[in-house]
Amino acid sequence: MQKSLIKRHESIIASTIQTMNAVGLQNLSTKMIANQEGVSEGTLFRHFKTKTDIMLAVVDHFSQYDDAIIETCRKKKLSPLEAIRYFYNAYAEYYQNYPEITVVVQAYDSLMCDAELSEKVSSIIYKRSDFIIKTIKEAIDLRIVRPNLDPEVLENILTGGSKEICLKWRMARYSFSIKEKSAEMVEMLLSGFMEN
């Protein structure tokens, strides 16, 4: 019984992501999610009390690899530049293998309109950016990149570029490799800021 509840819970999250990818966050309804899942809205609400609870689970699902990616950088004792490359490559690979999940990245602004979701999304964004900023600071301390570099600005450029590539990949209906474009962008930016 418990196993089937967990499976249904995960299945509802997957159905929500698929539906949101098809209709967008603004048009998403619990009725649509229930239809995608093949259950009644009542069944949906036995697993989640509100639509916000469903979206919180979706955001958690979206960020499930964050700790693993950061921990891998630490365990492998990657150099700062290797860690930055690995970090952005890992997300690009995640997106390449699960294109529908990118709808969550593209919905950040709208998700911020709900107080509960805003807190969760902010936590994810700041956790990711803090890791990159600290890694860039380490690269500055090791004199790998220019000392006059503002770590927050470079993180904004890297993350903003990554998000823009993701949006264009979605607009192109996934017709190019997000992994390759992301790696190219990261490499180009890092090489421009490296010490000579």
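Residues numbered from 1 in each chain as written. Predicted model: local features only at pLDDT ≥ 70, side-chain atom pairs only at ≥ 80, totals over all residues. Heavy atoms only, no water.

### Looking at the packing of helix α4 (residues 51-62) against helix α9 (residues 115-141)
We apply this condition: Note on geometry: axes are lines fitted to C-alpha atoms, helical ones only across the stretch in contact, with angles between N-to-C directions running from 0 to 180 degrees. Numbered from the N terminus, helices here are DSSP runs of H or I no shorter than four residues, and strands are runs of E no shorter than two. Here the angle decides the label: under 35 degrees means roughly parallel, over 145 means roughly antiparallel, 65 to 115 means roughly perpendicular, and every other value means oblique. By definition in these notes, contact holds between two residues if any of their heavy atoms fall within 4.5 Å. The residue classification treats Ala, Val, Leu, Ile, Met, Phe, Trp, Tyr, Cys and Pro as nonpolar and Asp, Glu, Lys and Arg as charged. All others, Gly included, are polar.
At their nearest, the axes of α4 and α9 sit 9 Å apart, and the two run at 10 degrees to each other. What the angle tells us is that α4 and α9 run roughly parallel. On α9, the residues touching Thr 52, Met 55, Leu 56, Val 59, Asp 60 and Phe 62 of α4 are Glu 116, Leu 117, Lys 120, Val 121, Ile 124 and Arg 128. Its residues assigned to classes, the contact of α4 with α9 shows seven nonpolar, one polar and four charged.

### Regarding the packing of aromatic side chains
Selection criterion: Aromatic rings from Phe, Tyr and Trp, with only the six-membered ring used for Trp, were paired whenever their centres fell within 6.5 Å, and each pair was classed as stacked if the ring planes differed by under 30 degrees, edge-to-face if by over 60, and tilted otherwise. The rule is simple: take the accessible area with a 1.4 Å probe, protein chains only, and divide by the maximum for that residue type; under 20% is buried, over 50% is exposed, in between is partly exposed.
The full count for this structure, using the stated rule, is ten aromatic pairs. Between Phe 62 and Tyr 108 the ring centres are 6.1 Å apart and the planes differ by 85 degrees, which places this aromatic pair in the edge-to-face class. Of the two residues, Phe 62 is situated in helix α4 and Tyr 108 in helix α8 (residues 108-111); the sequence distance between them amounts to 46 residues. The buried category is assigned to Tyr 108, whose relative accessible area is 10%. Taken together, a centroid distance of 5.1 Å and an interplanar angle of 80 degrees make the contact between Phe 87 and Tyr 88 edge-to-face. Here the two residues Phe 87 and Tyr 88 agree in accessibility, since each one is buried.

### Quick word on the UniProt feature "DNA-binding region" (unreviewed entry) in the chain
Let me state the cut-off plainly: UniProt positions are given in the numbering used here, feature names are shortened, and annotations may be inferred rather than shown by experiment.
Taking the numbering used here, the UniProt-annotated feature "DNA-binding region" (unreviewed entry) corresponds to residues 29-48. As annotated, residues 29-48 has a helix share of 75% and a strand share of 0%, and its two end C-alpha atoms lie 13 Å apart.

### Some words on the packing of helix α10 (residues 151-171) against helix α11 (residues 178-193)
Short version of the rule: Handedness of each helix crossing follows the sense of rotation of the near helix against the far helix: counterclockwise by less than a right angle gives left-handed, clockwise gives right-handed.
Two numbers describe how α10 lies on α11: the axes approach to 10 Å, and their chain directions differ by 155 degrees. By the angle between their axes, α10 is roughly antiparallel relative to α11. The way α10 lies across α11 gives a crossing that is right-handed. Residue-level inspection shows Leu 154, Ile 157, Leu 158, Gly 161, Ser 162, Ile 165, Cys 166 and Trp 169 of α10 in contact with α11, the latter providing Ile 178, Lys 181, Ser 182, Met 185, Val 186, Leu 189 and Phe 193. Looking at the contact of α10 with α11 residue by residue, the classes come out as eleven nonpolar, three polar and one charged.

### Here's the deal with the environment of Phe 193
Examined against the element boundaries, Phe 193 turns out to sit in helix α11. The spatial distance from the C-alpha of Phe 193 to the C-alpha of Asn 148 is 9.7 Å, given a sequence separation of 45 residues. Those residues in contact with Phe 193, other than ones at most four positions away along the chain, are Val 145, Arg 146, Leu 149 and Leu 154.

### Things to note about the nonpolar core
Counted only if it meets this: We call a set of buried residues a nonpolar core when its members are Ala, Val, Leu, Ile, Met, Phe, Trp, Tyr or Cys and they connect through side-chain atoms within 4.5 Å of each other.
Counting residues in each nonpolar core, the largest one holds 58 residues, and the members touching the most others are Tyr 95, Val 104, Leu 111 and Leu 158. Beyond its immediate chain neighbours, meaning those up to four positions away, Leu 158 contacts Ile 84, Tyr 88, Ile 132, Met 185, Val 186 and Leu 189.

### Remarks on the side chain of Ser 182
If you trace the backbone, Ser 182 turns up in helix α11. With a relative accessible area of 4%, Ser 182 lands in the buried category. Sequence-distant contacts of Ser 182, defined by excluding residues within four places in its chain, comprise Tyr 88, Ala 92 and Ile 165.

### A look at unusual backbone geometry
The backbone of Arg 143 sits at a positive phi, close to 60 degrees, despite the residue not being glycine. Residue placement: Arg 143 occurs in the loop between α9 and α10. Given the relative accessible area of 62%, Arg 143 is considered exposed. The backbone of Arg 173 shows a phi angle near 55 degrees, a positive value even though the residue is not glycine.

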